[in-house]
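Chain and residue survey
If you want the building blocks of each chain, they are given just below.
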Amino acid sequence: MPGSLYAPTEPRESIMRTGTFYAPIDRKDCMIRSGNQYVPTEPRETAICTVSPNAPVAAPGMYERKRSSFAQTHPSYLETLGQSHASWLFGALAELIDNARDAQASRLDISIDEEFLESAEANVPVLSVKDNGTGMTHSDIMRMVSFGHGKPDKDDESLIGRFGVGFKTGAMRIGKDAVVFTQTAESRTIAFLSRSFNEDKEEVDIPVITYRCKGKWMDFDLEVHTRGEAESRLQAVKQFSPFNEYSIGSKFAAFGNQPGTVICIYNLDRWGSNYSLEWETIDSEQKRKRDIWIRSRRVRMRMAQMTTKVPLDYSLHSYLEVMFLEPRMKIYVQGTLVKTRRLHKSLSNTRVFKGMLMGKKVELTLGFNQAERENGNCGIFLYWHGRLIEAYRRVGAMLHTADVGRGVIGVIDVTDIMRLGDGGVGVLNNKQGFQDIEEYVKLIEWLGTQADQYWDEHYDRLLVGKKDENAVYTPDFSWVQCNRCLKWRMLEAGANEKDLPDDWFCYMPPFRGSCMQPESEMEPGVVTVAATRNYGGANGGSNEKDEMEMSTTACNSTLSSKEQSDASLESDDNAKSKQIKPPILRRLKRGPVQVSKSRQQQPMKKLCRSG
């Protein structure tokens, strides 16, 4: 129930929340605040009762008299909540995106537009996060605006939300005020979490208004509040937010007959005299990529990181591309589609490492990424419940020099290893890091060992010589996601997903299939060893262009006989596509050159070092 509830006054309040409620001791008339209204109660020092969902109307004398202290939530706590994401603004926005994913949304729209705010007498930017998920009932939204809730009995891998603070910490970091509009098949609800509205109050008041479908019409749900309470709370929303009865109606009308939720945040966080976020306005005439950036363009602090070229840290498009291990939502930023990708399937020279840590299975995918090499980046991307928690985590020899591992990217889902024995998880509640626990320490050590092994085995193939400084490594396979079924399709050799339209469907080339076909997958245990290099020269000329396929015996030694047979067949197919297969180049051993006695008297030829 919005506001501060201390004692039940009507049975409808007991339906919304169960537990122990208290009557205040600092008001002579012992009033109970519900929204903007106060209801007189029996004068007493402290009244306490336990209410069940089916409790009857509270009558005088029903309460057991006890002396007890109780905590209050001062409005300044809302600002404190936002400090959970003080170091990175996109971490706050990620909390709202997580909620959309948990609601099984297939589309998410993030945009910043201007709305007129009467109290400021000016247009103000409003950040909107809209999804087509399941929507929220009154009880759902009461749980969302509550300050924490009971810990789940088990770790549900299908859900990211767990700690009960994501919406509050995220919204209060992005701006001072947030309005939530949510719709289900039978209800519409508005929730107002506002620092401006609570500025002069001693306790946090969160107005919530719920409408119930009655035939073809919506009316106040009188089971959760009286008509007077609903009207009073609705007036507070109109007074302190940019939304009046017309704009509120348009927000719900945008859902049509489908469920969904939109969160609108205004009075955005400031960076000096401007806003912390920077964005391009939506222009329907120009079809180009529009983004939202963090204005400072600062790179997050990471151990042993030397480069300042990390777009993921300040570009929303770049972050959303790899935020989920298996993307299942179409995400639009300022009206343009984000080209999400499965990072572990967009690498070249890919190899999978499997192991056991503390009795739990771990699986790491390592590969090479051309763009990260050019930016001087490397490291491991750690996902939990399929959501990115840490990016570019340097391990092993990567910690000691900027050159070792350059361009090498690892991907791992740590859900299992981070599941603790007491039912908890080893993830921080802001979902931007992990607890300092034994499982995490051992995991980092194991990752370092595998990354060093990968670098030692592939160094010759990633850095062959000065000529390869201009080489362009392409992923082993290209993938594209259907806009209708959201399944990923593997493209045929030579196809480039960048050449395909944003609205791509399974029936379109080069796949030319059906949404009914199962999702394309690589066979378990297959290690891809192909890499295509494009030499453009120092001036980027396209005339000198060679394509080479580098095979490796080191990787093949880890394959089964059937997998080696499959790999050889794949090599034959690549040969048919007119790719040139050069001899395998190996780095010469260090030390003096050994020359046979029969050639000691002949002039020595110039030796080329191939690595």
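Residues numbered from 1 in each chain as written. Predicted model: local features only at pLDDT ≥ 70, side-chain atom pairs only at ≥ 80, totals over all residues. Heavy atoms only, no water.

Looking at the overall build of the protein chain
- Looking only at helices and strands, the protein chain features 12 helices and 25 strands.
- Counting the 611 residues in the protein chain, one finds 49% classified as buried.
- Of all intrachain contacts in the protein chain linking residues separated by at least 6 positions in sequence, the fraction that spans at least 24 positions is 64%.
- Entry remark: accessible area of the protein chain is about 31,000 Å², with carbon and sulfur atoms responsible for 50%. (Helix = DSSP H or I, 4+ residues; strand = E, 2+ residues; numbered from the N terminus. Buried < 20%, exposed > 50% of the residue type's maximum accessible area, 1.4 Å probe, protein only. Contact = heavy atoms within 4.5 Å. Areas by Shrake-Rupley, 256 points an atom, 1.4 Å probe, with all protein chains shown as cover.)

Things to note about the pairing of strand β7 (residues 122-131)
- With 7 of 10 residues buried, β7 lies mostly within the body of the structure.
- Sheet topology note: the strand β6 (residues 107-117)/β7 ladder contains 10 bridges and is antiparallel. Considered in β7, the bridge of I110 is made with V129.
- Here β6 folds back onto β7 in antiparallel fashion, the turn holding 4 residues, of which E121 has a positive phi close to 55°.
- Direction of pairing for β7 relative to strand β12 (residues 260-268): antiparallel, over a ladder of 5 bridges. Its bridge partner lying in β12, D131 is registered against T261. (Pairing = 2+ DSSP bridges.)

A look at unusual backbone geometry
- With omega at 5°, the peptide bond leading from P509 into P510 counts as cis.
- Even without being glycine, Q104 reaches a positive phi, approximately 65°.
- With respect to the helices and strands, the residue Q104 is situated in the loop between α3 (89-102) and β6.
- When its relative accessible area of 66% is taken as the criterion, Q104 is described as exposed.
- Phi is positive for K431, which is not a glycine, with a value near 55°.
- Summarising the element assignment, K431 is placed in the loop between β23 (408-413) and α10 (438-462).
- Accessibility expressed as a relative area gives 4% for K431, which makes it buried.

Examining the environment of R101
- With respect to the element layout, R101 can be found in helix α3.
- Taking the C-alpha atoms as reference points, R101 and L159, 58 residues apart in sequence, are found 8.0 Å from one another.
- In this view, R101 contacts S158, I160, F324, M329 and H385; residues no more than four positions away in its chain are not counted.
- A polar contact of 3.4 Å, which involves the side chain of R101, links it to the backbone oxygen of H385. (Polar contact = N/O pair within 3.5 Å; in protein donor to acceptor, adjacent residues only side chain to side chain.)

Quick look at the packing of aromatic side chains
- Within this structure, the stated rule accounts for 13 aromatic pairs.
- Relative to F147, the ring of Y77 has its centre 5.7 Å away and its plane inclined at 65°; by these criteria the two rings are edge-to-face. In this pair, Y77 sits in helix α2 (residues 76-82) while F147 sits in the loop between α4 (138-145) and α5 (166-174), placing the two residues 70 residues apart along the sequence.
- When the ring of F252 is compared with that of F255, the centres are 6.5 Å apart and the planes differ by 55°; the resulting orientation is tilted. (Phe/Tyr/Trp six-rings, centres within 6.5 Å; stacked < 30°, edge-to-face > 60°.)

Thoughts on the side chain of T340
- Its place among the elements puts T340 in the loop between β18 (336-337) and β19 (348-357).
- The residues contacting T340, other than those within four sequence positions of it, are L320, E321, P327, Q481 and W488.

Let's talk about the nonpolar core
- Counting residues in hydrophobic clusters, the biggest one holds 95 residues, and the most contacted among them are Y319, L320, F381, I412 and L447.
- Ignoring sequence-local partners within four residues, the contact set of Y319 consists of W88, F90, A94, L312, R387, L388 and Q432.
- Formed by 22 residues, the second largest nonpolar core is a distinct cluster that contains V126, V179, Y211 and F255. (Core = buried A, V, L, I, M, F, W, Y, C linked by side-chain atoms within 4.5 Å.)

Observations concerning the sheet that holds strand β20 (residues 360-368)
- One open sheet holds the 5 strands; their spatial order is β19-β20-β23-β21-β22, and the pairing between them is mixed. Edge positions in the sheet fall to β19 and β22 (387-393), since each of these pairs with one other strand and no more. Along the sheet, successive strands turn relative to each other by an average axial angle of 20°, direction set aside.
- The sheet contact formed by β19 and β20 spans 8 bridges and is antiparallel. When the sheet's bridge partners are listed, K354 is paired in β20 with E363. (Axes fitted to C-alpha atoms, helices over the stretch in contact; angles between N-to-C directions.)

Overview of the pairing of β23
- The buried fraction of β23 amounts to 5 of the 6 residues, a majority that puts the element mostly inside the structure.
- The pairing of β20 with β23 spans 5 bridges and is classified as antiparallel. Bridge pairing in β23 places F368 opposite V408.
- Pairing of strand β21 (residues 379-384) with β23 involves 5 bridges; the strand directions are parallel. The partner of I380 across the bridge, within β23, is G410.

Quick word on α3
- For α3, with 14 residues, the first-to-last C-alpha span of 21 Å sits near the 20 Å given by 1.5 Å per residue.
- Extensive coverage of α3 is indicated by the burial of 12 of its 14 residues.
- For α3, every residue scored as buried is listed here: L89, F90, G91, A92, L93, A94, E95, L96, I97, D98, A100 and D102.
- Directly beyond the C-terminal end of α3, a positive phi value near 65° is found at Q104. (Expected span 1.5 Å × (residues − 1).)

A closer look at the sheet that holds β12
- Spatially, the 9 strands line up as an open sheet ordered β11-β10-β9-β8-β12-β7-β6-β17-β18, and their pairing is mixed. Of all the strands in the sheet, the pair left with one neighbour each is β11 (217-220) and β18.
- For β6 and strand β17 (residues 330-333), the ladder comprises 4 bridges, and the chain directions are parallel. Paired with R107 across the bridge in β17 is K330.

Section: the confidence of the model for the protein chain
- When pLDDT is averaged along the protein chain, the result is 76, and 69% of the positions lie at 70 or above.
- For the stretch residues 524-593, pLDDT sits under 50, and the model shows 107 contacts to residues farther than four places along the chain or on other chains.
- Below pLDDT 50 for its whole length, residues 603-611 participates in 16 contacts with residues either more than four positions away or in separate chains. (pLDDT = per-residue confidence, 0-100.)

Quick word on the side chain of Q305
- In this fold, Q305 is placed in the loop between β16 (292-294) and α8 (316-321).
- Setting aside its immediate chain neighbours within four residues, Q305 contacts V299, R300, V310, Y392 and R394.

Examining the state of the cysteines
- Tallied over the full model, the rule gives 0 disulfides.
- This cysteine, C515, is not joined by any disulfide, and C485 carries the nearest cysteine sulfur, 3.7 Å off. (Disulfide = S-S within 2.5 Å.)

Looking at the pattern of salt bridges
- For the structure on display, the rule yields 22 salt bridges.
- Residues D98 and R387 are paired through a salt bridge, measuring 2.8 Å at the closest nitrogen-oxygen approach. You can see D98 sitting in helix α3 and its partner R387 sitting in strand β22, a full 289 residues away along the chain. One exposure class covers both D98 and R387, and it is buried.
- In this structure, the salt-bridge partner of R101 is D102, at a minimum N-O distance of 4.0 Å.
- The class of R101 is partly exposed, set by a relative accessible area of 25%.
- One network of salt bridges, in which partners are shared, links E157, D416 and R419. (Salt bridge = Lys/Arg side-chain N within 4 Å of Asp/Glu carboxyl O.)

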